[in-house]
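Results of the structural survey
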Amino acid sequence: MRFITRARAVGALGIVVSLVLMLAVNANLSTKLAEQRAAGSAKAPSSVWGYVSQLYIPEPKTPPGTPPVATIPLPTLGTVFFICVLLIAAGAFLIARNPERRGIGGYVSALIGFTFFVLLIWAVAGDRVDLADTLSRVVRVSTPLGLGALAGLVCERSGVVNIGIEGMMLTGACFGYIAALVVGNWFDAAGQAPVWFGVLIAVLTGGIMAALHALLSIRFKIDQIISGTVINIMAVGLTGYLRSNFIIKYDSPVKKPLNDLPIPGLSDIPLLGPVLFNHKPITYMMLLLVLIMHVLLFRTVWGLRTRAIGEHPKAADTVGIKVNRMRFWNVVIGGFLAGLAGAWFALEVTFRFDDLMTNGQGFIALAAMIFGKWTPLGAYGGALLFSSANALQLKVQNYDFALAPQFLQMLPYVVTIIVLAGVIGKARPPAAVGEPYDH
Amino acid sequence: MADPHDAKDHRDPDQHPQDVVEQPAAPSDPTVPATKGVLRSIRWGELLVPILAIFTAILVGAVIVFLSAPAEKGSRLHVTWEAFKGLFIGAFGNWAEPSTIPNALSGTLVESTPYILAGLAVALGFKAGLFNIGAEGQLLIGALTAVSIGVWLPGWIGVESLPAIIHLPLAVLGGFVGGGLWGAIPGYLRAKTGAHEVITTIMLNYIALRLIDYMIVSGPMKDPAGSAPRTPFVQGPAILPQFVGVVRDPSLTGGNTYQPLIATTSSTWDLRVHAGLLIALLAVVFVWWLLNRTPKGFEIKTVGANPQAARYAGMSIVSTTVLTMTLSGGLAGLAGAGQVLGLEHNMKSVFSGGLGFDSIAIALLAKSNPIAIIPAALFWGALRQGAGAMQIRSGISINLINIIQALVIIFVAADQIVRWIYRIRREQGGQMVFTRGWGK
């Protein structure tokens with residue numbers, strides 16, 4: 001029996017992280033207190049323990065300044081210590097019991113989640129944060145990750161690795177944006193119609209790039225990782241060329257992204273309303289697609305066949321499923337989803353296109369898919385984990401926080417590596433993934 | 001599996017792992033002179049496909065230029081002609097005015113230097129079946145460590161300055177170690193947990209970018225004297241000197257004197273090409289020697305070609321993987337060190353323009369052959385060097401080069417397409433395989 005096992009390593013990691021957090025928060029708040037006292041600030045509490053982080057839930061759709069529905073005051077240091085002591089105790093328990101696998105994944109998820117929470121209340125010590133807005137942001141930035149994870153899932157369940165999602169998103173964003181600009185100019189229309197046309201083109205562009213990936217990897221049987229990398233590099237070159245040669249010189253009446261689409265009635269519920277029912281269209285589409293894909297994959301003939309060609313293509317072929325044709329269309333469907341994610345970047349959050357604007361989200365989406373063990377609901381759970389890291393770093397930038405923003409920006413990438421390293425738990429990919437199929 | 005040293009030399013010693021299915025190439029007899037091995041390792045027939053790939057990519061690039069030519073620069077055909085003429089003049093000089101030639105050629109060599117090292121980094125990974133997309137991040141970290149040593153090492157040990165014979169090697173070594181550590185992380189994760197290096201290295205690229213951003217824009221390494229965010233200039237003894245050049249006024253370089261090997265006053269001969277080129281060429285020889293003349297190199301190739309066989313032969317997959325990724329990262333780190341110590345002499349927050357991705361293209365183009373990296377990198381350097389002149393002459397964006405690059409990668413990686421277009425018979429043997437599960 002080895003002494004250093006996964007459980008023990010994870011437990012030790014948790015204890016170290018918790019201790020570092022406790023010490024860092026304590027030291028930082030002490031300095032802050034000393035500074036405030038030296039400046040004679042009236043806001044300075046009597047001791048370090050006096051800092052309070054307030055989480056408040058506002059009344060939806062009211063101007064700022066309206067009294068909130070509820071306020072949760074949390075003593076900053078007390079809460080941090082409480083959470084960290086719990087994490088340390090759980091870590092010690094893991095080290096002592098040394099389980100084979102049970103509880104390890106849960107512990108790591110809790111560690112990551114609570115670390116985010118500690119960072120949040122640390123950042124707002126002596127201040128307050130809008131809880132509804134924070135959570136709504138988590139859902140919003142999970143859109144490209146959720147769609148990207150679904151795209152990866154549709155491909156990989158059928159046996160094709162798709163590392164080109166990033167590139168499909170980027171080209172989708174670029175062509176969708178160009179389409180919106182051009183159509184707006186032709187018809188001299190500034191409203192939403194050209195933007196929606198752009199979304200459609202983005203989806204189709206993603207599909208075309210995916211078809212190229214399918215052609216290279218299924219028809220020509222090129223290694224799927226190389227083929228995906230080719231897609232990514234081509235996307236960078238193509239979109240960079242189009243941006244500098246066309247987009248920045250082109251003037252169009254279309255200037256605005258897709259509008260907000262609050263769902264009447266539901267969006268007025270405090271907390272739940274802003275978090276789930278006050279978003280833009282592509283975010284709703286993503287939420288619905290996650291549910292639909294789960295049903296499709298596990299409850300329909302298409303889903304069964306997709307899983308069959310990903311697990312045992314020979315057997316599927318024997319019962320008459322056209323393996324390569326079906327893989328081709330699955331990859332293209334994945335491309336549609338990635339293109340929609342691209343539209344989110346260029347046509348929903350903002351109305352513009354920047355070089356490399358997808359920023360690695362396509363790769364993080366793959367990690368979310370692995371985290372979710374190749375199921376749509378699980379993958380969306382992974383997407384939420386990464387998007388909360390992302391939302392956290394965006395939110396914390398509004399506060400005077402001890403850590404440089406660059407370190408918080410690293411969070412999603414670091415978490416991706418942790419997830420991939422299998423710390424969360426063993427993941428079993430579809431058995432035939434990555435293998436070209438020959439009759 | 002047979003003892004590697006018993007294996008008959010019936011295959012080329014420097015064969016690509018993709019051709020080797022059942023048994024990798026053995027290190028050939030050490031009594032054979034090295035040069036002979038080098039020459040034999042070139043299989044001229046294999047050059048056909050890469051050359052046709054480049055040709056096709058440039059042809060498609062020309063069509064794109066033709067279609068997107070800006071109207072104010074004349075007829076489409078004229079713009080296309082000017083674009084490629086500009087590309088040539090930028091890279092090799094205007095042969096009507098011989099005085100422009102040394103500068104253009106030196107520029108091409110300067111551009112090629114990091115490509116040789118970074119391309120070598122990716123190629124070495126390929127040999128062991130590892131796809132190192134993280135050359136970019138390793139290069140950044142290598143540059144960061146090299147520049148720190150170049151600027152601050154004498155201060156850390158409490159002296160005014162160090163002699164170049166100590167300072168320069170330490171700075172270069174720093175680049176190697178920095179990049180090597182950054183490469184060792186994904187190597188270790190891959191070997192121990194199975195986490196796929198393609199994603200972990202990309203994530204480490206982003207982390208490296210944020211780290212550089214912190215260090216240079218807002219953090220401890222920013223030069224207070226600089227207006228744009230950058231580190232201070234490296235000290236004179238730590239630079240990789242220009243071979244021939246004009247001595248700059250020290251006030252332009254933070255008070256440091258940068259002495260070229262041969263000082264001149266003629267601007268025609270003020271050439272940017274620097275000693276980093278020698279490091280790059282030495283690295284090529286080293287990798288070639290490592291892969292073809294040492295047992296470790298044999299292990300690397302065996303692990304890449306057939307991990308199962310390697311395991312049965314008693315080779316340690318874990319240590320070979322970590323070693324390869326460390327060396328690969330170190331080579332990329334050297335590329336970064338060369339850029340800061342030889343060319344920029346400080347480090348800016350916006351540092352490498354996609355060198356990491358280009359290096360994948362170079363490794364594929366060279367079919368991972370260390371010697372072939374040199375011409376592939378020269379081709380790439382010429383494209384980059386020429387791109388500026390192309391943009392000025394024809395108004396076509398530099399990004400065209402990125403498209404040509406992507407097309408070259410497509411046509412080289414998917415050589416079936418080129419074979420199909422030009423009706424070339426398919427080669428025996430499989431191809432590189434990187435697609436595995438994402439984690440264990």
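Just above, that's the structure.
In this report, we go over the structure that sits alongside the text. Please read all numbers here as calculations on a predicted model, not as lab measurements. (Residues numbered from 1 in each chain as written. Chains lettered and ligands numbered in written order. Predicted model: local features only at pLDDT ≥ 70, side-chain atom pairs only at ≥ 80, totals over all residues. Heavy atoms only, no water.)

Considering the side chain of Asn98 of chain A
Looking at the secondary structure, you find Asn98 of chain A in the loop between helix 2 (76-97) and helix 3 (104-123). A polar contact of 2.5 Å, which involves the side chain of Asn98 of chain A, links it to the side chain of Thr5 of chain A. (Helix = DSSP H or I, 4+ residues; strand = E, 2+ residues; numbered from the N terminus. Polar contact = N/O pair within 3.5 Å; in protein donor to acceptor, adjacent residues only side chain to side chain.)

A word on the packing of helix 6 (residues 193-219) of chain A against helix 7 (residues 224-245) of chain A
What describes two packed helices is the angle between their axes and the distance between those same axes. Residue and element names in this part refer to chain A. Axis separation between helix 6 and helix 7 bottoms out at 9 Å; the angle between their running directions is 145°. At the point where helix 6 passes helix 7, the crossing takes the right-handed sense. Residues Met209, Leu212, His213, Leu216 and Ser217 of helix 6 form the contact with helix 7, whose participating residues are Gln224, Ser227, Gly228, Val230, Ile231, Met234 and Ala235. Considering only residue class, the contact of helix 6 with helix 7 consists of 7 nonpolar, 5 polar and no charged. (Axes fitted to C-alpha atoms, helices over the stretch in contact; angles between N-to-C directions. Left-handed = near helix turned anticlockwise from the far one by under 90°. Contact = heavy atoms within 4.5 Å. Nonpolar A, V, L, I, M, F, W, Y, C, P; charged D, E, K, R; others polar.)

Here we look at unusual backbone geometry
In this model, Lys221 of chain A sits at a positive phi of 55°, which is unusual for a non-glycine residue. Tracing the sequence through the fold places Lys221 of chain A in the loop between helix 6 and helix 7.

Some details on the sheet that holds strand 3 (residues 128-130) of chain A
All names here are of chain A. Pairing is mixed across the open sheet formed by 3 strands, whose spatial order is 2-1-3. Only two strands of the sheet have a single partner each, and these edge strands are strand 2 (70-75) and strand 3. The mean inter-strand angle of the sheet, taken between neighbouring strand axes irrespective of direction, is 20°. Across 3 bridges, strand 1 (residues 52-57) lies against strand 3 in parallel orientation. Residue pairing for strand 3: Leu55 is matched across the bridge by Val129. (Pairing = 2+ DSSP bridges.)

Here we look at the nonpolar core
One finds Leu347 of chain A together with Phe131, Leu331, Leu341 and Met347 of chain B to be the most contacted residues of the largest nonpolar core, which totals 246 residues. Summarising the domain contributions, this core has at least three residues from each of domain 1 (6-126) and domain 2 (136-420) of chain A. When residues no more than four places from it in sequence are discounted, the contact partners of Leu331 of chain B are Leu117, Leu120, Ala121, Leu124, Phe176, Ala283 and Val287 of chain B. By size, the runner-up hydrophobic cluster in this structure holds 6 residues, among which are Ile309, Ala316, Ile321 and Tyr437 of chain A. (Core = buried A, V, L, I, M, F, W, Y, C linked by side-chain atoms within 4.5 Å. Buried < 20%, exposed > 50% of the residue type's maximum accessible area, 1.4 Å probe, protein only. Domains from an automatic or database assignment.)

Observations concerning the environment of Trp302 of chain A
Residues and elements named next belong to chain A. In this fold, Trp302 is placed in helix 10 (residues 301-311). Note: C-alpha distance between Trp302 and Gly360 (58 residues apart in sequence) is 30 Å. With sequence-adjacent residues up to four places away left out, Trp302 is seen in contact with Val154, Met293, Leu296, Leu297, Met326, Asn330 and Ile333. A polar contact is formed between the side chain of Trp302 and the side chain of Asn330, at a distance of 3.5 Å.

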